[in-house]
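Here is what each chain is made of, one letter per residue.
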Amino acid sequence: GNGFTSSPRGTLINMTRLAPGLTTRGSMGVRNAYDSSSDLYLKFTHVTDQDGACAHPGQSGCGGRHGQLGAELVFTVAVADTATDAYQPVWSGSAAQLEQGVAIIKSMPASTARWVRLSATLPESSGNETQSDRLGFGLQVILQRGSGVDGGSGGHASGGVRLGGW
């Protein structure tokens with residue numbers, strides 16, 4: 001209800017036209033349906049950083065996870081109480097950090113919703129080595145009752161949804 005779905009489909013942020021000096025972003029609503037407060041984490045899954053400039057995809061350092069775009073991009077997460085409120089930045093870092101999972105909101109009250117905006121910025125200093133690369137990922141939203149993105153002591157639960165990004 002309330003416009004939320006447990007299985008969203010589609011792309012949260014589209015990076016196909018991202019160029020040095022530009023930012024792309026997308027927002028989503030997150031609801032804590034648990035009966036107690038929970039910590040909110042974001043985590044990249046199924047990351048592919050493809051080197052589009054490989055002349056021979058089988059060569060060492062080419063293809064698969066050998067692109068440079070993931071290392072160049074700066075991701076920022078901001079939160080707001082509603083979709084129309086001003087978003088406040090709460091975290092900034094790399095794709096590698098997001099692969100490990102990052103804490104976004106500590107103790108999100110039960111039965112509340114927050115809006116989360118994920119931004120990706122390609123610095124102006126990014127060179128030609130990233131221009132043909134493609135970064136793909138799933139985004140897992142985790143509400144964790146306990147400690148840590150990978151769980152806590154007995155009885156803690158987590159749930160999540162996955163959204164894609166290219």
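What you see as residue numbers is a count from 1 along each chain, following the sequence as written. Given that the model is predicted, a residue must reach a pLDDT of at least 70 before its local features are reported, and side-chain atom pairs must reach 80 or more before they are shown or counted; all residues, however, enter totals for whole chains, interfaces and linings. As a convention, hydrogens and water are excluded, and side-chain values are obtained from all of the structure's heavy atoms.

Engineer: I tried to follow the confidence of the model for the protein chain on my own but got confused; where do I start?
Structural biologist: Close reading of the predicted structure is inappropriate where its pLDDT is low. Per-residue confidence for the protein chain averages 78 on the pLDDT scale, and 73% of its residues sit at or above 70. The model gives residues 151–166 a pLDDT under 50, and that stretch makes 58 contacts with residues more than four places away or in other chains. Values of pLDDT, which run from 0 to 100, indicate the predictor's confidence residue by residue. Only heavy atoms matter for contacts: two residues are in contact if any of them lie within 4.5 Å across the pair.

Engineer: Explain the nonpolar core here, please?
Structural biologist: Nonpolar side chains in soluble globular proteins tend to end up buried together. Residues belong to a common nonpolar core when they are buried Ala, Val, Leu, Ile, Met, Phe, Trp, Tyr or Cys residues joined through side-chain atoms within 4.5 Å. Exposure classes here rest on a 1.4 Å probe applied to the protein chains alone. A residue is buried below 20% of its type maximum, exposed above 50%, and partly exposed in between. Within the largest apolar cluster, 32 residues are counted, with the highest numbers of intra-cluster contacts made by L42, F44, L73, F75 and I104. Elements with a contribution of two residues or more to this core: β1 (11–13), β2 (23–31), β3 (38–50), β4 (74–80), α2 (95–100), β6 (102–108), β7 (113–121) and β8 (134–144). Non-local contacts of F75, meaning those with residues more than four positions away in its chain, are made with I13, F44, W91, S92, G93, S94, A95, L98, L118, S119, A120 and L135. Secondary structure follows DSSP: runs of H or I at least 4 residues long count as helices, runs of E at least 2 residues long count as strands, and numbering of each begins at the N terminus.

Engineer: In this structure, what is going on with the sheet that holds β7? I would like to understand it.
Structural biologist: Strand pairing in a sheet relies on backbone hydrogen bonds, with the paired strands running either antiparallel or parallel. Any two strands with at least two DSSP-identified bridges between them are counted as paired. Strand order in the open sheet formed by 4 strands is β2-β7-β4-β5, with antiparallel pairing between adjacent strands. Only two strands of the sheet have a single neighbouring strand rather than two, namely β2 and β5 (88–93). Along the sheet, successive strands turn relative to each other by an average axial angle of 20°, direction set aside. By the bridge criterion, 9 bridges tie β2 to β7 in an arrangement that is antiparallel. From the neighbouring strand, S27 faces β7, where its bridge partner is R117. Orientation is described by axes fitted as lines to C-alpha atoms, over the contacting stretch for helices, and by angles from 0 to 180 degrees between their N-to-C directions.

Engineer: Mind showing me how you'd approach the packing of aromatic side chains here?
Structural biologist: Centre-to-centre distance and the angle between the planes together describe a pair of aromatic rings. Ring geometry is summarised as follows: Phe, Tyr and Trp rings, the Trp one being its six-membered ring, pair when their centres sit within 6.5 Å, and such pairs are stacked at plane angles under 30 degrees, edge-to-face over 60 and tilted between the two. With the rule as written, the count across this model stands at 3 aromatic pairs. Between F75 and F137, the aromatic rings sit 6.2 Å apart at their centres with planes inclined by 90°, giving edge-to-face as the arrangement. Of the two residues, F75 sits in strand β4 while F137 sits in strand β8, which places them 62 residues apart along the sequence. For the pair shown, F75 and F137 are each scored as buried. Whether a charge sits over a ring comes down to the Lys NZ or Arg CZ being within 6 Å of the ring centre and within 35 degrees of the ring normal. A cation sits over an aromatic face here: R117 above Y87, 3.9 Å from the ring centre.

Engineer: Hey, could you run me through the pattern of salt bridges in this one?
Structural biologist: Salt bridges are counted wherever a side-chain nitrogen of Lys or Arg sits within 4 Å of a carboxyl oxygen of Asp or Glu. The full count for this structure, using the stated rule, is 2 salt bridges. Notably, a salt bridge pairs D39 with K106, separated by 3.7 Å at the nearest N-O pair. Separated by 67 residues along the polypeptide, D39 in strand β3 and K106 in strand β6 bring together distant segments of the chain.

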